[in-house]
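Residue-level structural notes
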Amino acid sequence: MRQGSATIRDVAREAAVSVASVSRVMNGHVSVHPETRARIMAVAQSLGYVPHAGARSLSLSRSHAIGVVLPDLHGEFFSEIVRGMDREVTARGYHLLLSNMHADAVLAAQAVRSMRGRVDGMIVMAPQLDTQALDEALPPDMPAMLVNSSPGVARAALRIDNAAGIAASVAHLVAQGRRALVHVSGPPANIDAEERRRGFLDAMARLAPEVEPIVIAGDFHEESGGAAVAMLRARGIACDGIVAANDMMALGVMAALRTAGVDVPGAVAVTGFDDIPLARYLGLTTVRAPMAEMGARAVARLIDALEGGELRPEAETIATELVIRSTTPGSVIGSGGSL
C-alpha cells in the first residue's frame with residue numbers, strides 16, 4: 001500500500017475495530033480503552049495513515065454538523081434533551097444545528113428542508129406528526145434518527161416506554177388505597193400523550209376495574225394543569241389522585257390545589273412524567289424519563305453510522321423509572337382524602 005494512501009477503513013480492518021473507534025482515537029477522545037488506542041495508533045503508523053480533517057470533509061462533503069428538529073425549544077424537557085445531545089456532539093467533534101417546527105406538519109417539512117446540504121444527518125422529534133407527514137418530511141437520502149415519533153416510519157428510532165411509566169404511577173397510587181384517579185392528558189394527536197393516556201386507562205382497567213377512570217384533556221403546559229383542577233371543582237368531581245401526563249401540568253395541578261386549600265398529598269396525591277429539574281426541587285413524584293441520556297444516545301447512534309457503522313430502521317425503547325417524592329404519601333391510606 002502506498003505510503004499515505006491508507007484510509008480509516010484500512011486502519012479499522014487491520015486493528016479489528018470499528019471505524020467509529022478509529023475516528024474517536026484520531027480525534028483525541030478519551031472514550032477508548034488504552035490498549036485499543038495503542039493498537040489503533042500502531043496500525044495507523046504502520047500503514048502510514050494520516051487523517052486530514054479538511055480533505056476528509058471535502059471528499060465526503062461532510063459538515064460535521066447534526067441537524068436537530070424539535071417541536072419546541074422552550075421548557076426544561078427540551079433543554080434536557082439538547083443538553084445530552086450537546087454533550088455527545090462535543091465529545092465527538094461535531095456541532096448541532098437546531099430548529100423547531102411548532103407542532104405543524106408544513107413547518108416540520110420546511111425545517112427539515114432548510115438543513116439539507118448543511119448537516120450530515122438529522123435527529124427529529126415529531127410526536128405530533130402522523131406516519132405519512134413524517135415520512136414525507138424526511139429526505140430519503142438523509143441519515144436520520146427519530147425520537148418519540150410515529151412508530152410507522154421505517155427509520156432508526158428511540159422511544160420512551162410511556163405506557164409502562166404511567167402504569168407504574170397508577171400502581172403506586174392504587175397500592176396506597178387511592179381509587180378515584182384522574183388523568184390530565186397531553187394534546188390530541190401527540191404520540192406521547194396518546195400512549196400515556198392509553199397506559200392510564202389500561203392500568204386502571206387492570207388494577208381498579210370497579211372504578212370509572214376520568215381523563216381531562218391538557219396540552220403539556222402548566223396552565224392546563226390548573227384548568228383541569230378548576231374543571232374538577234366546578235363539576236363537583238371527587239378524586240384522591242391526579243396522574244398528569246407531564247411534569248409541567250403536574251406543577252400546575254399542585255399550584256391550583258394548594259391555592260384552593262386542598263392538601264397535597266393528604267387529600268389528593270399528584271404524579272407527573274419526565275422528571276424535569278424543577279420537579280426534583282418541588283418534591284413531585286414523577287416518572288423519570290432519562291432525557292439527557294436519550295439525547296446523547298440519539299447522537300451517538302447517528303454519528304456511529306456516519307462514521308462507518310449501520311443505522312438500522314429499528315426502534316430502541318428507553319426504560320422509565322418511578323421516582324417517589326412528597327406529592328404522594330409513603331404509606332397506605334384509607335378513603336378519607338378527596339378533592
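In what follows, the accompanying structure is described. (Residues numbered from 1 in each chain as written. Predicted model: local features only at pLDDT ≥ 70, side-chain atom pairs only at ≥ 80, totals over all residues. Heavy atoms only, no water.)

1. Details of helix α2 (residues 19–26)
By the criterion of burial, α2 is predominantly enclosed, with seven of the eight residues buried. When α2 is considered as a whole, its buried residues turn out to be V19, A20, S21, V22, S23, R24 and V25. Each element contacted by the buried residues of α2 is listed here: α1 (8–15), α3 (34–47), α5 (76–92) and α13 (291–306). (Buried < 20%, exposed > 50% of the residue type's maximum accessible area, 1.4 Å probe, protein only. Helix = DSSP H or I, 4+ residues; strand = E, 2+ residues; numbered from the N terminus. Contact = heavy atoms within 4.5 Å.)

2. Things to note about the pattern of salt bridges
Scanning all chains against the criterion turns up 17 salt bridges. A salt bridge links D304 to R92; its shortest N-O distance comes to 2.6 Å. Of this pair, D304 sits in helix α13 while R92 sits in helix α5; the two residues are 212 residues apart in sequence, bridging distant segments of the chain. In this structure R92 comes out as buried when scored by relative accessible area, which is 6%. Measuring nitrogen to oxygen at the nearest pair gives 3.0 Å for the salt bridge that ties R325 to D275. With a gap of 50 residues between them, R325 in the segment after β12 (321–323) and D275 in the loop between β9 (269–274) and α12 (277–281) connect regions that are remote in the sequence. One exposure class covers both R325 and D275, and it is buried. (Salt bridge = Lys/Arg side-chain N within 4 Å of Asp/Glu carboxyl O.)

3. Quick notes on the nonpolar core
In terms of nonpolar packing, the biggest core is built from 68 residues, with I66, I123, V170, F200, I242, L257 and V270 touching the most fellow members. Discounting residues that sit within four places of it in the chain, I242 has contacts with V182, V184, V229, L232, V253, L257, V268, A269, V270 and T271. Grouped together as the second largest cluster of nonpolar side chains are 19 residues, V112, L134, V153 and A157 included. (Core = buried A, V, L, I, M, F, W, Y, C linked by side-chain atoms within 4.5 Å.)

4. Thoughts on the environment of L282
Here L282 is to be found in the loop between α12 and β10 (285–288). L282 sits 28 residues away from M254 along the chain, and the two C-alpha atoms are 9.8 Å apart.

5. Details of the sheet that holds strand β8 (residues 241–244)
Strands sit in the order β7-β6-β8-β9-β10-β12 across an open sheet of six strands; the sheet is mixed. Whereas interior strands pair on both sides, the edge strands pair on one side only; in this sheet they are β7 (214–217) and β12. Here the strands of the sheet are splayed against their neighbours by 20° on average, with no regard to which way each runs. Pairing between strand β6 (residues 181–185) and β8: four bridges, direction parallel. Each residue of the ladder has a partner; that of V182, found in β8, is I242. (Pairing = 2+ DSSP bridges. Axes fitted to C-alpha atoms, helices over the stretch in contact; angles between N-to-C directions.)

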